[in-house]
Amino acid sequence: MTENSKLAEIGVVGLAVMGSNLARNFAHKGHTVAVYNRSFSKTQALMDNHGSEGTFIPSETIEEFVASLEKPRRAIIMVQAGPATDAVINQLADAMEEGDIIIDGGNSLYTDTIRREKEIAERGLNFVGAGISGGEEGALNGPAIMPGGPAKSWEALGPLLESIAANVDGTPCVTHIGPDGAGHFVKMVHNGIEYADMQVIGEAYQLLRYGAGMTPAEISETFKTWNEGDLDSYLIEITAEVLSQVDAETGKPLIDVIVDAAGQKGTGRWTVKAALDLGIPVTGIGEAVFARALSGASAQRAATVGNLPSGELTTLESLGVDKATFVEDVRRALYASKLVAYAQGFDEIKAGSAEYNWGVDPRDLATIWRGGCIIRAKFLNRIREAYDTNPDVESLLLDPYFKGELEGLVDSWRRVVIAATQIGQPIPVFASSLSYYDSLRAERLPAALIQGQRDFFGAHTYKRVDKEGTFHTLWSGDRTEIEA
Ligand code: NBP
């Protein structure tokens, strides 16, 4: 850095896919951006390939990088989550001064963020865990950003983040989510919802392909049509793109040459683990995570494919199901299952917010997820309206708009689950979401029997429907009931 050069308003540490694109996004918006990467080659590559796109201040050491930032210094870390993030936080904290702000923009686990904020606050610095969604393209052109951390950091960061975030109808897709780990928590659940959303689209594809016998090109056209209605979303849009792609090498649809084992980096699994701890059923997300795990269980699949009895299967034709009706039923089943997954995800956010006293406003999420992020969808406008109407609605499914939608979906949903079972096609999220829905509706659940069993083997007691108190039956005695 020369003596005369301007100091940077923002710095980015970690210049792999996400960091380099985020740095370019800041530069495109007219900010001077300090950049640093552990291996200088990535910094050099950014300067060589994109240095002319704006004002960058590259550094070879973290000390130089910190010195190139205006005060209060603001540095966004975009490195691998886990120990790499801890290492960089410590290096920055050693070089920074009181009042400076360290922002972790990686996919960190929210409990790590809570710990890190405490540690950094003790050193007189501010720490902000910010979930950033949108992948490479979002980082470059406008992501959805979910910052947590102290409210006073938001004052210093807000305008900068608003300038690079996606924007929908004049509203930037970023807002202060809540204290400490709130931002990373909601980003985690966002990713969990993304897993479920992708899986329900996958299940619809599976049924149209192997149930209705449609080609990938035909299904691509179907998804394009679906993208013009209630399901209008980024994921439906890219699904149509993927399905229309032809492999240059073989001339086959690309989908047919891609190995059917889905990868995962962990945020879906974290969402389910957190939900288990909070006692919130996120069955759609859970089944989606398990479906990916099953798809990757190659040895087990090699041993079981064609080697387990199917029972008597039939075809849609033999069932007398008209193809056009089936396609529309599948669309509705997808929509209903997606509704359940979002309702469950928002339940988890509500529970997490209550557990940690974050005060997360679900309307904020429905607002900022409308653009930039992977689950961006028209449908989120409806979710925002639902929480506008009643912020305390017990389940999104009870919102009058969604309830009305379900009215028109549920018959199709049941038909699809029945038909899929009869033709032997797997639909873990469609089916489990319908069971969840029916569980919510059920007047009596078998939980009464479970309480009876628990009392039988472990004297765990039960409550009665007709009077107050806690009771136990003397199962191994005379089977009279006593008050516990
Ligand atoms: P990666 O997650 O692949 O991480 C690579 C970066 O981490 C490189 O800059 C590397 O430096 C740096 N790094 C590592 Br690894 N260990 C380090 C250490 N001990 N000290 C300093 N730097 C270290 O990068 P990414 O895919 O750009 O993602 C960045 C973050 O954003 C991650 O937390 C990721 O989960 C999150 N995220 C990614 C996406 C996405 O679509 N990729 C989307 C949303 C969020 P080096 O060059 O010296 O090895």
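Please refer to the structure placed before this passage.
Worth saying up front: this structure is predicted, and the values here are computed from it rather than measured.

1. As for the packing of helix α8 (residues 182-210) against helix α18 (residues 428-441)
Two numbers describe a pair of packed helices, the interaxial angle and the distance between the axes.
Here comes step 1: Their axes nearest at 8 Å, the elements α8 and α18 cross at an angle of 115°. Taken together, α8 and α18 sit at an angle that is classed as roughly perpendicular. Taken together, the residues of α18 that come into contact with α8 (itself represented by Gln199, Val200, Glu203, Ala204 and Leu207) are Pro428, Val429 and Phe430.
Here comes step 2: Its residues placed into classes, the contact of α8 with α18 shows six nonpolar, one polar and one charged.

2. Digging into the site of the ligand
Here comes step 1: Around the ligand there are 19 residues in total, and Met18, Asn37, Arg38, Ser39 and Lys42 lie nearest to it.
Here comes step 2: Between the ligand and Met18, the relevant distance is 2.8 Å, taken from an oxygen atom to a main-chain nitrogen or oxygen of the residue.
Here comes step 3: In the environment of the ligand, an oxygen atom lies 2.5 Å from a nitrogen or oxygen atom belonging to the side chain of Lys42.
Here comes step 4: Protein burial of the ligand: of its 910 Å² of free accessible surface, 78% is covered by the chains.
Here comes step 5: Residue assignment for the shell around the ligand shows that the elements contributing at least two residues are α1 (17-28) and α4 (83-95).
Here comes step 6: Here the residues of the shell around the ligand are counted per class, giving 10 nonpolar, seven polar and two charged.

3. What to know about the side chain of His184
Here comes step 1: By the secondary structure assignment, His184 is in helix α8.
Here comes step 2: Those residues in contact with His184 that lie beyond four places of it in its chain are Asp104, Gly106, Ser108, Tyr110, Thr113, Gly129, Ala130, Gly131 and Met146.

4. Here we look at unusual backbone geometry
Here comes step 1: In this structure, the amide linkage connecting Lys71 to the following residue, Pro72, adopts the cis form with an omega of -5°.
Here comes step 2: When you line up the elements, Pro72 lands in the loop between α3 (62-67) and β4 (74-77).

Calculation criteria
- Residues numbered from 1 in each chain as written.
- Predicted model: local features only at pLDDT ≥ 70, side-chain atom pairs only at ≥ 80, totals over all residues.
- Heavy atoms only, no water.
- Axes fitted to C-alpha atoms, helices over the stretch in contact; angles between N-to-C directions.
- Helix = DSSP H or I, 4+ residues; strand = E, 2+ residues; numbered from the N terminus.
- Parallel < 35°, antiparallel > 145°, perpendicular 65-115°, else oblique.
- Contact = heavy atoms within 4.5 Å.
- Nonpolar A, V, L, I, M, F, W, Y, C, P; charged D, E, K, R; others polar.
- Near = heavy atom within 4 Å.
- Polar contact = N/O pair within 3.5 Å; in protein donor to acceptor, adjacent residues only side chain to side chain.
- Areas by Shrake-Rupley, 256 points an atom, 1.4 Å probe, with all protein chains shown as cover.

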